[in-house]
Amino acid sequence: MSRRTEILDEMGLSPRWTLREGFARTLPTAAPGTVTGTPAAADDASSPDTSDTPAAPAAVDAQGRATAIMQMDWTPLAEAVAGCTACPLATTRNCTVFGVGDRKASWLFVGEGPGAEEDERGEPFVGQAGRLLDNMLAALGMKRGDDVYVANIVKCRPPGNRVPAAAEVAACEPYLHRQIQLLQPKVIVALGKTAAVTLLGKEQSIASMRGKVFRYRDTPLMVTYHPAYLLRTLPDKIKAWEDLCFIRERVAEWRAGAAQDAQPPG
Ligand code: URA
Ligand code: SF4
């Protein structure tokens, strides 16, 4: 069996992924560029206001709501999401899906939005794609709840699993932003294009974003393929594996750097 076949086999659907020592180093990874992305909201804040007219009431309301969300601790934040009616997805959801995991996590994985099973259970990534995500984490020696937090761009299921509309994403963004502020993760991993494009405020393909370090406000952000996409496109699993190994190396470097900075001089 060729090495590539062996690797793909190992990453197949049925057996769990297993991490082999030195494996990541044998695979080519994209050059580690550092690119600073500009989140959409920061763009808005920095663009000069050229109008003399006061903001429309809806915009004032949205601003007031976002400001209130930014003051919330975990419990009020979770309650606000549970009762949220800020966008039309509230009318079709069963459960809101707040996010789950270690509130001191170094790793924050961000998906697109709940699917049918998540909408039933109120937890992110519990369907087939979620099982693949859990297997990928297990292969890295990680699991949700232990230094890992999992959330989505929108907290309510878009009907038929359609991509969330821009207005829905905009209405929901303050919740994720506040989750990120409270978590202060070492890295955000955007799973798939919706998460990546939303968090970076820039339309780009996953292929062009892999292997680079971006930023969401002050937090390093890296991207990889969405597990649901990987279920449909098995050969790209190897790329997702490369991405996760690359990200893990960066996190280890930052940890080592932070530990060194904390040493007293001399
Ligand atoms: N897909 C997502 O993006 N998020 C989930 O929670 C489940 C599937
Ligand atoms: Fe509120 Fe977000 Fe659900 Fe829309 S998707 S109703 S903004 S929690």
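Values in this document were obtained by computation on a predicted structure and should not be read as measured data. (Residues numbered from 1 in each chain as written. Chains lettered and ligands numbered in written order. Predicted model: local features only at pLDDT ≥ 70, side-chain atom pairs only at ≥ 80, totals over all residues. Heavy atoms only, no water.)

Draft legend 1. View of the pattern of salt bridges. The tally for this structure, following the rule as stated, stands at 11 salt bridges. Here Asp 134 makes a salt bridge to Arg 144, at a shortest N to O gap of 3.1 Å. Placement of the pair is Asp 134 in helix α7 (residues 128-139) and Arg 144 in the loop between α7 and β4 (148-152), with a sequence separation of 10 residues. Residue Arg 144 is classed as buried on the basis of its relative accessible area, which comes to 16%. As a salt-bridge pair, Asp 243 and Arg 210 come within 2.9 Å of each other at their nearest N and O atoms. Taken together, the residues span a long stretch of sequence, with Asp 243 in helix α12 (residues 237-262) and Arg 210 in the loop between α10 (206-209) and β6 (212-216) at a distance of 33 residues. The same class applies to Asp 243 as to Arg 210, namely buried. Via salt bridges that share partners, Glu 123, Asp 134 and Arg 144 belong to a single interconnected network. (Salt bridge = Lys/Arg side-chain N within 4 Å of Asp/Glu carboxyl O. Helix = DSSP H or I, 4+ residues; strand = E, 2+ residues; numbered from the N terminus. Buried < 20%, exposed > 50% of the residue type's maximum accessible area, 1.4 Å probe, protein only.)

Draft legend 2. Spotlight on the packing of helix α5 (residues 74-82) against helix α8 (residues 166-183). Running from amino to carboxyl end, α5 crosses α8 at an angle of 160 degrees, the nearest separation of the two axes being 11 Å. Classified by the angle their axes make, α5 and α8 are roughly antiparallel. The handedness of the crossing between α5 and α8 is left-handed. Side by side, α5 and α8 meet where Trp 74, Leu 77, Ala 80 and Val 81 of the first sit next to Tyr 175, Arg 178, Gln 179, Leu 182 and Leu 183 of the second. Tallied by class, the residues present in the contact of α5 with α8 amount to 7 nonpolar, 1 polar and 1 charged. (Axes fitted to C-alpha atoms, helices over the stretch in contact; angles between N-to-C directions. Parallel < 35°, antiparallel > 145°, perpendicular 65-115°, else oblique. Left-handed = near helix turned anticlockwise from the far one by under 90°. Contact = heavy atoms within 4.5 Å. Nonpolar A, V, L, I, M, F, W, Y, C, P; charged D, E, K, R; others polar.)

Draft legend 3. Seen up close, the site of ligand 1. The full set of residues close to ligand 1 is Gly 111, Glu 112, Gly 113, Glu 118, Pro 124, Phe 125, Asn 152 and His 226. In this structure, Phe 125 approaches ligand 1 through a main-chain N or O atom, which is 2.9 Å from an oxygen atom. Between ligand 1 and the protein, one listed contact pairs an oxygen atom with a side-chain N or O atom of His 226 at 2.7 Å. Here ligand 1 occupies the second largest pocket. When the residues that make up the shell around ligand 1 are grouped by side-chain class, the tally is 2 nonpolar, 4 polar and 2 charged. (Near = heavy atom within 4 Å. Polar contact = N/O pair within 3.5 Å; in protein donor to acceptor, adjacent residues only side chain to side chain. 1 Å grid on protein atoms, 1.4 Å probe; cavity = no way out; pocket = protein on both sides within 12 Å on 5 of 7 lines; lining within 4 Å. Sits in = over half its atoms within 2 Å of the grid points.)

Draft legend 4. Molecular detail of the layout of surface pockets. The volume enclosed by the second largest pocket comes to roughly 590 Å³. Elements with a contribution of two residues or more to the lining of the second largest pocket: α6 (116-121), α7, α9 (193-200) and α11 (227-232). Here the element with the most residues in the lining of the second largest pocket is α11; it accounts for 4 residues. The class makeup of the residues in the lining of the second largest pocket is 11 nonpolar, 10 polar and 6 charged. (Points joined across faces, edges and corners; volume = space filled by probe spheres on them.)

Draft legend 5. Here's a closer look at the site of ligand 2. Within the structure, ligand 2 sits among Cys 84, Ala 86, Cys 87, Leu 89, Ala 90, Arg 93, Lys 155, Cys 156, Ala 171, Cys 172 and Tyr 175. Most atoms of ligand 2, that is more than half of them, are within 2 Å of grid points of the largest cavity. Split by residue class, the shell around ligand 2 holds 9 nonpolar, no polar and 2 charged.

So, to be careful, I would describe these as geometric facts and stop short of saying anything about function.
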